[in-house]
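Structural features, examined
Listed below are the residues making up each chain.
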Amino acid sequence: MTAPWPRRPRLVAGNWKMNKTAAEGAALARELAGLTGGGAAAPGCGIAVCPPFTALESVGAALRGSAIHLGAQDLHPEPGGAFTGGIAGSMLAALGCRFVIVGHSERRHGMGEDDATVARKLRAALRDGLTPIVCVGETLAEREAGRTAEVVVRQTHAAYDGLEASPALATVIAYEPVWAIGTGRVATPEQAREAHRIVRATLDRVVGAGAGARLAVLYGGSVTPAGAPALFAEAEVDGALVGGASLEAASFWRIAAAAAGA
Ligand code: PGA
């Protein structure tokens, strides 16, 4: 099994979503690996990229020897079998994936993924030696109705309920307000702080073992090189899950550098 991501390390992960062919992804990965100096020298934070399934192999090859980790965007909860179109965690691990995104809002809201499915995927990722990046976050309607805390508590609780402390501590959480994803409307550092504290308090209740203080909680939603330093200056923010700005090597690198310098 993969070693747990260390205690509250900084992590900047790029979620490429449904972008980049295998060849395009490899080209972007080569550019990023070049920015690390071609070797294992990374800035003072972990960096990961999560290409689409079809680019995992070529991107993994392009990243080999660099300090940049490979991640996937989703996995099937079952270990294998008759699940047309499904991709098992073991298949991702065999390609060299270290991380897998679980419960992204585009899957919760766009593809009907419920809390129970997210919980199963989280466990499947751990079973297969992957570090899940578990996404939680409220919609605009929920925020405007004053239900942010309720939603974030419910999603966090459902994902971790019944999980032993040791596997729970081998996960990463991303707070991604749905209204900030792909909209250019970034949460303020205060809004991120408040939500991250809710996530941590929920982890303390559900997991125990000081999980709230020990897990890395990333922020996601319209993170750009310009906006990143203010977010990373907030002590509650341990890094970022980056969509649009991760599709270009220079902007993604600037965000990682901001996280490393904060
Ligand atoms: P964005 O996406 O940075 O393009 O808003 C973030 C995400 O969906 O993880």
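Our subject is the structure that appears above.
The residue numbering used here restarts from 1 in each chain and proceeds along that chain's sequence as written. pLDDT decides what is reported in this predicted model: residues at 70 or higher carry local features, side-chain atom pairs at 80 or more are listed and counted, and totals for whole chains, interfaces and linings draw on all residues regardless. Calculated side-chain values reflect all of the structure's heavy atoms, with hydrogen atoms and water omitted.

Thoughts on the site of the ligand
For clarity, the cut-off: Residues are classed as near a molecule or strand on a simple rule: at least one heavy atom within 4 Å of it. Whenever two N or O atoms come within 3.5 Å, that pair is a polar contact, provided that in protein one can donate a hydrogen and the other can accept it, and provided that, for residues adjacent in sequence, both atoms are side-chain atoms. The protein chains shown are the only cover counted for residues, whose accessible areas, like all others here, come from Shrake-Rupley with a 1.4 Å probe. Lys, Arg, Asp and Glu make up the charged group, whereas Ala, Val, Leu, Ile, Met, Phe, Trp, Tyr, Cys and Pro make up the nonpolar group; the residues left over, Gly among them, are polar.
Around the ligand, 13 residues are found, and the nearest of them are Lys17, His104, Glu176, Gly182 and Ser222. Histidine 104 is positioned such that a nitrogen or oxygen atom in its side chain is 2.6 Å from an oxygen atom of the ligand. The separation between an oxygen atom of the ligand and a polar side-chain atom of glutamate 176 is 2.7 Å. For the ligand, whose free accessible area comes to 280 Å², the fraction covered by protein is 94%. For the shell around the ligand, the residue count by class is four nonpolar, seven polar and two charged.

A few points about the nonpolar core
Test applied: Put simply, a nonpolar core is a bunch of buried Ala, Val, Leu, Ile, Met, Phe, Trp, Tyr and Cys residues held in one set by side-chain atoms that sit within 4.5 Å of each other. Exposure is judged per residue with a 1.4 Å probe applied to protein chains only, and the accessible area is read against the type maximum: over 50% gives exposed, under 20% gives buried, and values in between give partly exposed. Strands here are runs of E lasting at least two residues and helices are runs of H or I lasting at least four, both read from the DSSP assignment and numbered beginning at the N terminus.
Residues Val12, Tyr160, Tyr219 and Phe232 are the most contacted members of the largest nonpolar core, which totals 68 residues. Sort the elements by how many residues they give to this core and helix α12 (residues 249-261) lands first, with seven residues. Formed by 13 residues, the second largest nonpolar core is a distinct cluster that contains Ala13, Ile101, Val172 and Ala216.

Here's the deal with the sheet that holds strand β8 (residues 239-242)
The condition is simple: Here the rule is simple: two strands pair whenever DSSP picks up at least two bridges between them. In this analysis an axis means a line fitted to C-alpha atoms, helices contributing only their contacting stretch, and an angle means the value between N-to-C directions, from 0 to 180 degrees. Residues are treated as being in contact if the distance between any of their heavy atoms lies within 4.5 Å.
The eight strands are arranged β1-β2-β3-β4-β5-β6-β7-β8 in a closed barrel whose pairing can be described as parallel. Taken pair by pair, the neighbouring strands of this sheet meet at an average axis angle of 25°, ignoring direction. In the sheet, strand β3 (residues 69-72) pairs with strand β4 (residues 99-102) via two bridges, with the strands oriented parallel. Across the sheet, glycine 71 pairs through a bridge with phenylalanine 99, a residue of β4. The sheet contacts of helix α2 (residues 56-63) involve β2 (46-50) and β3, and relative to β3 the element is tilted by about 170°. The sheet contacts of α12 involve β1 (11-15), β2 and β8, and relative to β1 the element is tilted by about 160°.

Quick look at the pairing of β8
The alternating pattern of β8 places Gly239 and Leu241 and Ala240 and Val242 on opposite faces, both of which are buried. Inspection of the sheet shows β1 paired to β8 by four bridges, in the parallel sense. Bridge pairing in β8 links alanine 13 to leucine 241. As judged from the two bridges shared by strand β7 (residues 217-220) and β8, these two strands associate in the parallel manner. Residue glycine 220 lies in a different strand from β8, and its bridge partner there is leucine 241.

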